[in-house]
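Below, each chain spelled out in residue letters.
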Amino acid sequence: MKKSIFLSAIVCLLAGAITAFNTIKADSGELSLNFKHVVNGVPLKLNDNSAHYANANNDEYTVSTFKYYISNITLTTTKGKDVVIPNICFLINAADPASLKQSITGVPAGKYKGISFTIGVDSARNFAGAQTGCLDPANGMFWTWNSGYIFLKLEGYSPQSTAKLHKLTFHVGGIKRQNTLRTFSHSFNKPLQIHGNEPAAISITTDAAALFKGQNLVDFAKLNSTMGGPNAVLIADNYKNGLFSITNVQQGRYEN
Amino acid sequence: MKIKLLVFAAGLLFIAGVNTFSGLADNAFNTGDTVLFKTPENFPSPVYTFQGNPLTLNGFKLGRELFYDPILSKDRSISCANCHQQFAAFAQLDHPVSHGVDDCLGTRNTPALFNLAWQQEFMWDGGVNHIEVSPLNALTSDCEMANNLPEIVDRLKKSDKYIALFQQAFHTTDINSQLLLKALTQFTGTLISANAKYDKVMRHEEGAQFDSEEAAGYTLFKAKCAACHREPLFTDLSYRSNGLDTRSDDAGRDTITHQDADHGLFKVPSLRNVEVSGPYMHDGRFDNLAQVLEHYNAGMASPDNLDPLFKPATKPGITLSMQEQTQLTAFLKTLTDHEFLTDPAFQDTHKNNEQYE
């Protein structure tokens, strides 16, 4: 089967760079990142009032919005060389099925021992003025009064929340003063192979509960909203471990 | 009627005519057939150089069209120019705080817009880090234009007029928020005010001279005000407290930095065109310059983070005699740039057209 270059509406491509990247097609393959969302291991259902998710403080909650950026995806070859995927970023949105499968074409063929990516959008992109594609402020992930991208957004409700309508509003972002950029990295048990035209695939499970457990206990009566700032750092420090786990790796191979 | 047409034609000529600069100045951004931006001789280099957003006459015109078009607001009632009025140096005359859709009253005074290409940060608290994204808050804030970007882009895509204008400006009909913001910036970024009497004196232009009162005011200004309202932009673009309140209701810079030491600090505003851009201060509390000078002289509160420059004497502030206030006011009026305030290139072209028809 032949997979053509797949462009999801919210995948943005650095036009020039990706073309250059693609010219080495014969020696390259495709990698797909497939996301699944859970809360404490249970599949995430948005706006589901019967879902009784609980945080580490035993506060119950539901989730209405869960979306986040990943960028700077880097694959490390078994020889230790880093290959950076030129796509500026990917916006994963639990409410948008098309965003849950991100295909990256033109990945140099080879064997890779690890993958890493940034949770959020790097500094340069936060100070670059008007942008488009995945960074279009129309995606609702840009603070208009305090410029910069929201790296991760979780909204929902908790009976314990003291905010209006018992809302939860966790918008995490910011680099300059309170830095909330975090990196995920993973070493494969067995090298990931990319070659030929049969795509490799990595299944990633994202656990929304990671925001509320780990080094900082979150009590929704006291902390139910962050808009960057020191409280957003508490949340980012929680999810820097445990937000992502790689649950399956499918090797790429030649089709014949 | 005829005279107005002439003025308008002169405006177009101004735009077309500045190409005399091209090739001369390395700080002029040559757009092929036109130069719309030139760094004034007495100015430093700009921060924003239209990199990635090459300035063109069509881009500028599109930006101007958008700036004056209420289509951008939710109920199509308000344009940028409702709050940013040219005769007030693109501030909002007589409104202490901004006035948005449904007569919603904002919390801050609409600042004047000029020399924005020399600013790294925007808004009273400096929360916005790039000129291109500076319109976003107004476009989407419930109390300003109350719209959202997908809706605005959709409206523009359905407008034959804008399809044509975006095609001319950016050679594409694929309108998106980035092009909208870039176009607006081609207008706001070229609003340069550098032809006040003060500038002509500084540039030793023929016949330009301060009278004795203005000259005395300038001397006072350099001694008492210029540390913050630094020449030639008349702001050092820092965040400070000039003692408006003991504890400010508006957290100001603290909103952005989350540091209590920044509570109630606001960006030092430029004093260019200050004669026409009242009311004054971030919350528009003073109606006229006399009240402002009286504040510096005797009305200052003493918050913990009051700027040290106001602390030397027995009471906070800068003592100014009546005579000194008169002299300072005379000097401040030399910062009024009448050419800028009436420049036809920056006017609403529809208004002109209606008058001709």
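All values derive from a computational prediction rather than experimental measurement. (Residues numbered from 1 in each chain as written. Chains lettered and ligands numbered in written order. Predicted model: local features only at pLDDT ≥ 70, side-chain atom pairs only at ≥ 80, totals over all residues. Heavy atoms only, no water.)

Visitor: Can you explain the packing of aromatic side chains? Please cite residues and give values.
Guide: All names here are of chain B. Under the criterion given, the structure shown has 41 aromatic pairs over all chains. Each ring, one from Phe37 and one from Trp118, has its centre 5.6 Å from the other, and the planes form 20°; the classification is stacked. In this pair, Phe37 sits in the loop between α1 (2-17) and α2 (57-67) while Trp118 sits in the loop between α3 (80-83) and α4 (136-140), placing the two residues 81 residues apart along the sequence. Summarising the aromatic geometry, the rings of Phe114 and Phe340 are spaced 6.1 Å apart at their centres and angled 80° between planes, so their arrangement reads as edge-to-face. A residue pair is termed long-range when its members are at least 10 positions apart, and Phe114 in the loop between α3 and α4 and Phe340 in helix α13 (residues 338-342) qualify at 226 residues. Judged by its relative accessible area of 7%, Phe114 falls in the buried class. Three or more aromatic residues link up through ring pairs in this structure, and these residues are Phe60, Phe67, Tyr68, Phe90, Phe114, Phe187, Phe340 and Phe346. Above the face of the Tyr239 ring, Arg253 is positioned so that its terminal group lies 4.0 Å from the ring centre. (Phe/Tyr/Trp six-rings, centres within 6.5 Å; stacked < 30°, edge-to-face > 60°. Helix = DSSP H or I, 4+ residues; strand = E, 2+ residues; numbered from the N terminus. Buried < 20%, exposed > 50% of the residue type's maximum accessible area, 1.4 Å probe, protein only. Lys NZ or Arg CZ within 6 Å of the ring centre and 35° of its normal.)

Visitor: Can you explain the state of the cysteines? Please cite residues and give values.
Guide: Under the criterion given, the structure shown has two disulfides over all chains. Residue A:Cys89 pairs covalently with A:Cys134 via a disulfide, S to S 1.9 Å. Every disulfide takes its handedness from the sign of the S-S torsion; for A:Cys89 and A:Cys134 that torsion is 100°, giving right-handed. Highlighted residues: A:Cys89 in strand β6 (residues 89-93) and A:Cys134 in the loop between α2 (123-126) and β9 (150-157), separated in sequence by 45 residues. Assessed through its relative accessible area of 0%, A:Cys89 is described here as buried. For A:Cys134, a relative accessible area of 0% translates into the label buried. A sulfur-sulfur separation of 2.0 Å characterises the disulfide bridge that pairs B:Cys104 with B:Cys143. Every disulfide takes its handedness from the sign of the S-S torsion; for B:Cys104 and B:Cys143 that torsion is -105°, giving left-handed. Here B:Cys104 is found in the loop between α3 and α4, whereas its partner B:Cys143 is found in the loop between α4 and α5 (149-157), with 39 residues between them in sequence. (Disulfide = S-S within 2.5 Å.)

Visitor: Tell me about the confidence of the model for chain B, and please be specific about residues and values.
Guide: All names here are of chain B. Counting all residues, the mean pLDDT for chain B is 89, and 88% of those residues have values of 70 or more. In this model residues 1-28 is a low-confidence stretch, pLDDT under 50, and it forms 37 contacts with partners more than four residues away in sequence or in other chains. Low pLDDT, under 50, characterises residues 353-357; the predicted model gives this stretch six contacts beyond four residues in sequence or across chains. As a predicted assembly, this complex carries a pTM of 0.89 together with an ipTM value of 0.84. (pLDDT = per-residue confidence, 0-100. Contact = heavy atoms within 4.5 Å.)

Visitor: Hey, could you go over the domain arrangement of chain B for me, with residue numbers and the actual values?
Guide: The extent of an interface is frequently quoted as the accessible surface area lost upon association of the parts. All names here are of chain B. Partitioning chain B into structural domains gives domain 1 (2-193 + 339-356) and domain 2 (197-335). With 34 residues of domain 1 at the interface, the matching set in domain 2 holds 29 residues. Of the roughly 2300 Å² buried at the junction of domain 1 and domain 2 (both faces included), carbon and sulfur atoms supply 54%. Area buried by domain 1 at its contact with domain 2 is led by Asn42, Trp124 and Asp125, which between them contribute 28% of it. The interface formed by domain 1 and domain 2 holds three salt bridges in total. Measuring nitrogen to oxygen at the nearest pair gives 2.6 Å for the salt bridge that ties Glu339 to Lys200. At the surface where domain 1 touches domain 2, the tally comes to 14 residue pairs in polar contact (both at pLDDT 80 or more). The residue makeup of the side of domain 1 that touches domain 2, split by class, is 18 nonpolar, 10 polar and six charged. (Domains from an automatic or database assignment. Buried area = accessible area lost by both parts, 1.4 Å probe. Salt bridge = Lys/Arg side-chain N within 4 Å of Asp/Glu carboxyl O. Polar contact = N/O pair within 3.5 Å; in protein donor to acceptor, adjacent residues only side chain to side chain. Nonpolar A, V, L, I, M, F, W, Y, C, P; charged D, E, K, R; others polar.)

Visitor: Quick one: what's the story with the interface of chain B and chain A, residue by residue and with numbers?
Guide: Listed by partner, the interface residues are 23 residues for chain B and 22 residues for chain A. Together chain B and chain A conceal approximately 1800 Å² of surface at their shared face, both sides included; 52% is due to carbon and sulfur atoms. In terms of surface lost to chain A, no three residues of chain B exceed B:Asn129, B:Gln178 and B:His258, which account for 28% of the buried area on that side. At the junction of chain B and chain A, the tally comes to one salt bridge. Where chain B meets chain A, there are nine residue pairs in polar contact (both at pLDDT 80 or more). Contributions of two or more residues to the side of chain B that touches chain A are made by α4, α5, α7 (177-188) and α10 (254-257) of chain B. In terms of residue count, α7(B) provides more of the side of chain B that touches chain A than any other element does, four residues in total. In terms of residue class, the side of chain B that touches chain A is built from seven nonpolar, 12 polar and four charged.

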